[in-house]
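One-letter residues, chain by chain:
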Amino acid sequence: MVCSLNVRAKDQPIGEEIETLEEKLTAFFDPIGGGLRGDGWEIGRLPTFDQILSFLEEGFPRLQISDLSAAVLKNGRTTDLQEITPGPFDVPGPVKIKVEISA
């Protein structure tokens, strides 16, 4: 499963903070060492929208997130993360992250 994550924020962090955000989100989605506690994701369980939002708010308190969307590509079909029911063998896969900063 491939997850596409779009984050739109109202703050203007410097470039290094955006890189750190992308790195930490990629690590968060890692099926082996990711997750909220760094112990990975159980097979058949995907991060929820609320978990992603909580992770961003706790890890990057300066960012005012104005929009967050997450979609999953499974079997060639894109579905909003909030609408998908993971199968028993699904795990998070590669993540495409787009961070957009607006004034």
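Here we summarise the structure given alongside this text. For clarity, every value in this text was computed on a predicted model and none was experimentally measured.

### Looking at the nonpolar core
Phase 1: If you look at the biggest cluster of nonpolar residues, it comprises 18 residues, and the most contacted ones within it are Leu-21, Leu-25, Phe-28, Ile-52, Leu-56, Leu-68 and Leu-81.
Phase 2: When residues of this core are assigned to their parent elements, the largest contribution, four residues, is made by helix H2 (residues 49-59).
Phase 3: Not counting residues up to four positions away in its chain, the partners in contact with Leu-56 are Val-7, Leu-21, Leu-25, Ile-65 and Leu-68.

### A few points about the side chain of Gln-51
Phase 1: Considering the arrangement of structural elements, one finds Gln-51 in helix H2.
Phase 2: You can call Gln-51 buried: its relative accessible area is 13%.
Phase 3: Separated by 2.8 Å, the side chain of Gln-51 and the backbone nitrogen of Thr-48 make a polar contact.
Phase 4: Once residues within four sequence positions are removed from consideration, Gln-51 is found in contact with Phe-28, Leu-36, Trp-41, Arg-45 and Leu-46.

### Observations concerning the pattern of salt bridges
Phase 1: Summed over all chains, the structure comprises one salt bridge.
Phase 2: The closest approach of N and O atoms between Asp-39 and Arg-37, which form a salt bridge, is 3.7 Å.
Phase 3: By relative accessible area, Asp-39 is classed as partly exposed at 49%.
Phase 4: Exposure remark for Arg-37: the relative accessible area of 72% places this residue in the exposed category.

### Section: the packing of aromatic side chains
Phase 1: Enumeration according to the criterion identifies three aromatic pairs in this entry.
Phase 2: Between Phe-28 and Phe-29, the ring centres sit 5.5 Å apart and the planes meet at 90 degrees, which makes this aromatic pair edge-to-face.
Phase 3: Overall, the relative accessible area of 2% leaves Phe-28 in the buried class.
Phase 4: Owing to a relative accessible area of 2%, Phe-29 belongs among the buried residues under this scheme.
Phase 5: Taking 4.4 Å as the distance between ring centres and 25 degrees as the angle between the ring planes, the aromatic pair formed by Phe-28 and Phe-55 counts as stacked. Taken together, the residues Phe-28 in helix H1 (residues 15-28) and Phe-55 in helix H2 connect sequence positions 27 residues apart. Like Phe-28, the residue Phe-55 is buried in the burial classification.
Phase 6: Three or more aromatic residues joined by ring pairs form one cluster here, namely Phe-28, Phe-29, Trp-41 and Phe-55.

### Considering the pairing of strand E2 (residues 65-74)
Phase 1: Here four bridges tie E2 to strand E3 (residues 77-80), and the two strands are oriented antiparallel to one another. What sits directly across from Leu-73, in E3, is Thr-78.
Phase 2: Connecting E2 to the next strand, E3, in antiparallel fashion are two residues, including Asn-75 with a positive phi near 55 degrees.

Analysis parameters
- Residues numbered from 1 in each chain as written.
- Predicted model: local features only at pLDDT ≥ 70, side-chain atom pairs only at ≥ 80, totals over all residues.
- Heavy atoms only, no water.
- Core = buried A, V, L, I, M, F, W, Y, C linked by side-chain atoms within 4.5 Å.
- Buried < 20%, exposed > 50% of the residue type's maximum accessible area, 1.4 Å probe, protein only.
- Helix = DSSP H or I, 4+ residues; strand = E, 2+ residues; numbered from the N terminus.
- Contact = heavy atoms within 4.5 Å.
- Polar contact = N/O pair within 3.5 Å; in protein donor to acceptor, adjacent residues only side chain to side chain.
- Salt bridge = Lys/Arg side-chain N within 4 Å of Asp/Glu carboxyl O.
- Phe/Tyr/Trp six-rings, centres within 6.5 Å; stacked < 30°, edge-to-face > 60°.
- Pairing = 2+ DSSP bridges.

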